[in-house]
Amino acid sequence: MALTTNGRISLYCFCVSLSLIFIPLTRIFGQTFKYIIEDYWLLLLLIHSVCVQIFLYSIYKPRGYAYKVAWRAGMLGQGLGIGLVCAVLSDSSWKVFGIYISILCVFHYSEYLTTAVINPKSLSLDSFLINHSREYGIAAVGSWMEFLIERYLYPEMKEVWWLSIPGFLLCVGGETMRKMAMLTAGSNFNHIIQSHREEGHILVTHGVYCLTRHPAYVGWFWWSVGTQLLLCNPVCLIGYTVASWKFFKTRITEEEITLLNFFGEDYVLYQKRVGTGLPFIRGYRLEL
């Protein structure tokens with residue numbers, strides 16, 4: 001399926017911004033420049049990021065909304081690039097933080113790009129999920145603060161690879177599950193719970209929806225838990241698990257009320273065959 005104009009803009013800006021990963025590769029152009037890169041690569045990344053933002057501003061600012069898309073995609077591309085460089089060049093626990101930043105940026109950009117492909121009618125700035133909620137932002141900043149504080153006090157605490165590796169795998173698995181759910185649902189998928197049934201809206205029960213009624217939520221839940229396991233953040237690991245569970249319990253209940261209104265007996269039968277996929281969450285059940 002062809003991308004919309006905003007989808008193409010986001011992809012272009014994301015890739016242009018991601019080009020900063022090539023800065024460390026320039027060390028192959030000579031021993032002198034190699035030392036410059038090794039000593040000042042963070043400064044060079046900053047200069048590259050500023051130049052890219054000026055470039056995007058000069059192209060898209062007159063177009064208003066397009067620049068808002070370009071700015072968000074560009075920042076996520078730069079974030080991914082910086083995360084990858086940190087993950088590759090760092091020999092300390094910053095490697096873990098670099099992997100985390102990369103995973104975070106891929107998640108948010110892929111939400112927008114996938115929506116642009118499967119359901120362009122619902123595409124908006126909110127599709128990036130960057131401004132998902134105030135609580136989401138507080139949770140993200142809280143996890144960064146915990147990582148930095150614990151890294152300063154107990155640096156060895158952030159290099160427990162037998163925790164970080166399972167966390168990374170949870171992130172990859174959760175992200176894969178969520179995107180498979182979005183692609184399988186196609187135009188039936190929307191980031192916002194719908195209050196009325198759109199034309200062509202069908203009940204999706206095939207693919208990953210054979211395994212769980214809410215694969216997108218299952219993927220997001222385990223992705224969020226995985227990020228804190230990756231960072232070896234014990235406090236936020238507990239906090240994210242509890243907060244995410246409560247959020248999705250409420251979300252699933254609200255969504256299943258609308259789905260029962262949309263599909264009636266078909267959805268009741270589907271509920272009997274397939275679980276929600278999340279621990280101790282049954283969803284909304286009609287009392288017969």
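Refer to the preceding data block for the structure.
Here's what I pulled together on the structure shown here. (Residues numbered from 1 in each chain as written. Predicted model: local features only at pLDDT ≥ 70, side-chain atom pairs only at ≥ 80, totals over all residues. Heavy atoms only, no water.)

Turning to the environment of L80, a few remarks are in order. Among the secondary structure elements, L80 is positioned in helix α3 (residues 65–89). Taking the C-alpha atoms as reference, L80 lies 6.7 Å from L18; in sequence the two are 62 residues apart. Ignoring any residue separated from it by four or fewer positions in sequence, one finds L80 in contact with F14, L18, S102, C105 and V106. (Helix = DSSP H or I, 4+ residues; strand = E, 2+ residues; numbered from the N terminus. Contact = heavy atoms within 4.5 Å.)

This paragraph deals with the side chain of R213. Considering the arrangement of structural elements, one finds R213 in the loop between α6 (161–185) and α7 (215–231). Side-chain polar atoms of R213 contact the backbone oxygen of R282, separated by 2.8 Å. Setting aside chain neighbours within four positions, we find R213 in contact with E256, Y267, Y270, Q271, V274, G275, T276, R282, G283 and R285. (Polar contact = N/O pair within 3.5 Å; in protein donor to acceptor, adjacent residues only side chain to side chain.)

Take helix α1 (residues 5–18) next. Between its terminal C-alpha atoms α1 stretches 20 Å, which fits the 20 Å expected from 14 residues at 1.5 Å a residue. For α1, the complete set of buried residues consists of G7, I9, S10, C13, F14, S17 and L18. Down the axis of α1, the buried side of the element spans an arc of 160°, and every buried residue falls inside it. (Expected span 1.5 Å × (residues − 1). Buried < 20%, exposed > 50% of the residue type's maximum accessible area, 1.4 Å probe, protein only. Arc of directions from axis to C-beta.)

Moving on, we come to the packing of α6 against α7. At a closest axis distance of 7 Å, the pairing of α6 and α7 adopts a crossing angle of 160°. Relative to α7, the element α6 is oriented roughly antiparallel. For α6 against α7, the interelement crossing comes out left-handed. Contacts from L163, S164, P166, G167, F168, L170, C171, G174, E175, M177, R178 and A181 in α6 reach P215, A216, Y217, G219, W220, W222, W223, G226, T227, L229 and L230 in α7. Among the residues making up the contact of α6 with α7, the classes are represented as 15 nonpolar, 6 polar and 2 charged. (Axes fitted to C-alpha atoms, helices over the stretch in contact; angles between N-to-C directions. Parallel < 35°, antiparallel > 145°, perpendicular 65-115°, else oblique. Left-handed = near helix turned anticlockwise from the far one by under 90°. Nonpolar A, V, L, I, M, F, W, Y, C, P; charged D, E, K, R; others polar.)

Of note in this structure, L129 is not a glycine but carries a positive phi near 60°. Overall, the relative accessible area of 6% leaves L129 in the buried class. Here F280, not a glycine, exhibits a phi torsion of approximately 65°, which is positive. With respect to the element layout, F280 can be found in the segment after α9 (265–273). What makes F280 exposed here is its relative accessible area of 77%.

Across all of its chains, the model carries 16 aromatic pairs by this definition. Both rings, one in W220 and one in F248, keep their centres 5.9 Å apart while their planes meet at 65°; by these two values the pair is edge-to-face. Here F248 lies in helix α8 (residues 234–263) and W220 lies in helix α7, a separation of 28 residues in the sequence. For the pair formed by W220 and F248, the shared burial category is buried. An aromatic cluster is defined as three or more aromatic residues linked by ring pairs; in this entry it consists of F107, Y136, Y217, W220, W223, F247 and F248. (Phe/Tyr/Trp six-rings, centres within 6.5 Å; stacked < 30°, edge-to-face > 60°.)

The first and last C-alpha atoms of α7 sit 24 Å apart over 17 residues, in line with the 24 Å expected at 1.5 Å per residue. Following α7 by one or two positions, C232 has its phi on the positive side, about 55°.

A full pass over the atoms with the stated rule returns 5 salt bridges. Close ionic contact of E175 with K179 constitutes a salt bridge, the shortest N to O distance being 3.3 Å. Linking E175 with K179, this pair stays in helix α6, spanning 4 residues, or about one helical turn. When its relative accessible area of 14% is taken as the criterion, E175 is described as buried. For K179, a relative accessible area of 10% gives the class buried. Residue R213 is joined to E256 by a salt bridge in which the shortest nitrogen-to-oxygen separation is 2.7 Å. (Salt bridge = Lys/Arg side-chain N within 4 Å of Asp/Glu carboxyl O.)

On to the packing of α1 against α3, then. Describing two packed helices takes the angle between their axes plus the distance from one axis to the other. One way to put it is that α1 packs onto α3 with a least axis distance of 7 Å and a crossing angle of 35°. Crossing of α1 over α3 shows right-handed handedness. Counting all contacts with α1, which are made through N6, I9, S10, C13, F14, S17 and L18, the residues of α3 involved are Y65, A66, V69, A70, A73, G74, L76, G77, Q78, L80, G81 and L84. Of the residues assigned to the contact of α1 with α3, the class counts are 12 nonpolar, 7 polar and no charged.

What follows is about the nonpolar core. Y60, W223 and L278 are the most contacted members of the largest nonpolar core, which has 45 residues in total. Among the elements that make up this core, the one with the highest residue count is helix α4 (residues 94–118) (11 residues). Excluding residues within four positions of it along the chain, Y60 makes contact with I9, Y12, C13, A66, Y67 and A70. Membership of the second largest hydrophobic core comes to 17 residues, among which are F189, V204, L260 and Y267. (Core = buried A, V, L, I, M, F, W, Y, C linked by side-chain atoms within 4.5 Å.)

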